[in-house]
Amino acid sequence: MEASNRISTLLGGGSDGWEVFLRARQMIADGIDVTELTIGEHDIRTAAPILQDMHRAALGGHTGYAAIPGIAALRDAVAARVMERTGVPTKRENVMITPGGQSALFAAHMAVIDPGDTALYIDPYYATYPGTLRGVSAVPKAVAARAEDAFQPRADDIDAAAKGARSLMINSPNNPTGVVYSRATLEGIAQVCQDHDLWLISDEVYDTQIWEGEHLSPRALPDMAKRTLVCGSMSKSHAMTGSRIGWVIGPEEIVTHLTNLATHTTYGVPGFIQDAALFALNLGATFEAEIAEPFRRRRALAQGVLSRHNRVTAVPSAGAMYLMLDVSATGMSGEAFADALLDTHHIAVMPGESFGAAAAGHIRVAMTIEDRAFEGALSTLCAFAQELGARA
Ligand code: PLP
């Protein structure tokens, strides 16, 4: 018996660029001390008061089936948060609670894509994007953002790819580049969506991690709320990666369809997790700033280190928990550099190539270890590039 074509081609075949990561994990399993700057996960765990609330909710009996689009109080809280942050009128009926941002991305595409539809996304991209699109039987089509534009996608490039497409997925603040899309970029994107009648799927899971400027949700641009589905999550904003809690925000009709989809797939999110998520949201912006703070600090440390070296240059980023570094002056690909760095210094970073061709010659550094260790590892990385550059 054979698995479906859809599921067996989900990964697209070929190298996915995660070999360095897997090799690092194997070295750790073999007892080697590897500094991992790979995965986008905080070096703290979910805060105790949130877990205590989860515990209280579970002991209090919220362990049965929970409301499928989400419990009313949580949907209201998400709607209020979005309204406060964007000014766009948002009601409970616009909010679908999902098991994390990843499932929100999948559900959002399920809601707007029919098999064989072309779904656009921007390269460099979060590693799951093409698989998510193949998972809904879309034809994924990447539009490259250019390093020379600091990875702000050009409206003209999207426009050139958009004929006959059904949707466009964007992500700002961006993983892997850390770039926050400017108002001009987002207005250009909105225009293309209107010109080609595209749905816009806006992945905003890093919306609380802004180091410079501000986060603008494209749903807030004129006439965009009706064609935009925002995917959010508490993984990054509240250090709740393991709780699997997120949402899709969009037109009421889409949320009704998403409720039907969840009824036939996930059957919702556990009630005690939703209660804890509500508790966490009610901790407010101060708590969100506290969770983001270590990355702000480490970014400042990194700027200090990078200013003392010239073989590695940082992509001008303004958000998220990553740095994208251009290592092409060493004469190496991102992959070769990451491999050599792992072998020589036992420091693991992600090759830019694992996030798409547009990030070739770059590496992504996750700022997810303690400050001093982070600063030390980055100094080693920069000195290593300097040495390689001298030999090249
Ligand atoms: N979108 C982006 C850009 C991400 O980086 C991640 C996780 O790293 C996700 C979505 C999914 O996050 P989660 O499913 O934990 O909410």
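Residues numbered from 1 in each chain as written. Predicted model: local features only at pLDDT ≥ 70, side-chain atom pairs only at ≥ 80, totals over all residues. Heavy atoms only, no water.

A. Representation of the overall build of the protein. What the protein contains, in helices and strands, is 13 helices and 13 strands. Taken over C-alpha atoms, the radius of gyration comes to 21 Å for the protein, in line with the 21 Å a tight globule of 392 residues would show. Seen through its C-alpha atoms, the protein measures out along the principal axes to roughly 60 × 55 × 50 Å. In the protein, buried positions account for 55% of the 392 residues. For the protein, the proportion of contacts with a sequence separation of at least 24, taken over those separated by at least 6, is 76%. (Helix = DSSP H or I, 4+ residues; strand = E, 2+ residues; numbered from the N terminus. Rg over C-alpha atoms; globule rule 2.2 N^0.38 Å. Buried < 20%, exposed > 50% of the residue type's maximum accessible area, 1.4 Å probe, protein only. Contact = heavy atoms within 4.5 Å.)

B. Up close: the sheet that holds strand β9 (residues 313-314). Ordered in space as β9-β10-β13-β12, the four strands form an open sheet in which the pairing is antiparallel. The sheet is open, and its two borders are formed by β9 and β12 (350-351), each paired with just one other strand. Bridge count for β9 against strand β10 (residues 322-326) is two bridges, and the pairing is antiparallel. What sits directly across from Thr313, in β10, is Asp326. (Pairing = 2+ DSSP bridges.)

C. Inspection of the site of the ligand at higher detail. Taken together, 14 residues lie near the ligand, and Gly101, Asp203, Ser233, Ser235 and Arg244 sit nearest. Separating an oxygen atom of the ligand from a backbone N or O atom of Gln102 is a distance of 2.9 Å. Here the ligand loses 93% of its free accessible area of 400 Å² to cover by the protein chains. Tallying contributions element by element places helix α5 (residues 101-112) first for the shell around the ligand, with three residues. For the shell around the ligand, a count of residues per class yields four nonpolar, seven polar and three charged. (Near = heavy atom within 4 Å. Polar contact = N/O pair within 3.5 Å; in protein donor to acceptor, adjacent residues only side chain to side chain. Areas by Shrake-Rupley, 256 points an atom, 1.4 Å probe, with all protein chains shown as cover. Nonpolar A, V, L, I, M, F, W, Y, C, P; charged D, E, K, R; others polar.)

D. Here's a closer look at the sheet that holds strand β5 (residues 165-171). The strand order across the open sheet built from seven strands is β2-β8-β7-β6-β5-β3-β4, with neighbouring strands paired in mixed fashion. Two strands close off the open sheet at either side, each with one partner strand: β2 (95-98) and β4 (139-144). Taken over all neighbouring pairs, the strand axes of this sheet differ in orientation by 20 degrees on average, direction set aside. By the bridge criterion, four bridges tie strand β7 (residues 228-233) to strand β8 (residues 246-249) in an arrangement that is antiparallel. Within the sheet, the bridge partner assigned to Cys231 lies in β8 and is Val248. Running at roughly 115 degrees to β2, helix α4 (residues 72-86) makes contact with β2 and β8 of the sheet. (Axes fitted to C-alpha atoms, helices over the stretch in contact; angles between N-to-C directions.)

E. Looking closely at the nonpolar core. The biggest cluster of nonpolar side chains holds 41 residues, and the ones touching the most others in it are Leu325, Phe337, Val349, Val365, Phe374 and Leu381. Sorting the residues of this core by element identifies α2 (19-29), α11 (284-307), β10, α12 (334-345), β11 (347-348), β13 (362-366) and α13 (371-391) as the ones contributing at least two each. With eight residues, α13 is the largest single contributor of residues to this core. Leaving out residues up to four positions away in the same chain, Val365 has contacts with Leu37, Met321, Tyr322, Leu323, Leu325, Val349, Phe374 and Leu381. (Core = buried A, V, L, I, M, F, W, Y, C linked by side-chain atoms within 4.5 Å.)

F. The arrangement of the packing of aromatic side chains in detail. All told, the structure shown has six aromatic pairs when counted by the stated rule. Taking the centre distance of 5.4 Å and the plane angle of 80 degrees together, the rings of Trp18 and Phe21 count as edge-to-face. You can call Trp18 partly exposed: its relative accessible area is 21%. Ring centres of Tyr126 and Tyr129 lie 5.9 Å apart, and the angle between their planes is 90 degrees; this geometry places the pair in the edge-to-face category. (Phe/Tyr/Trp six-rings, centres within 6.5 Å; stacked < 30°, edge-to-face > 60°.)

G. Highlighting α12. Taking 1.5 Å of rise per residue, twelve residues should cover 16 Å, and α12 covers 16 Å from first to last C-alpha, within 8% of that figure. Turning to α12, its buried residues number three or more, namely Gly334, Phe337, Ala338, Ala340, Leu341 and Leu342. One or two positions beyond α12, positive phi appears at His346, with a value near 55 degrees. (Expected span 1.5 Å × (residues − 1).)

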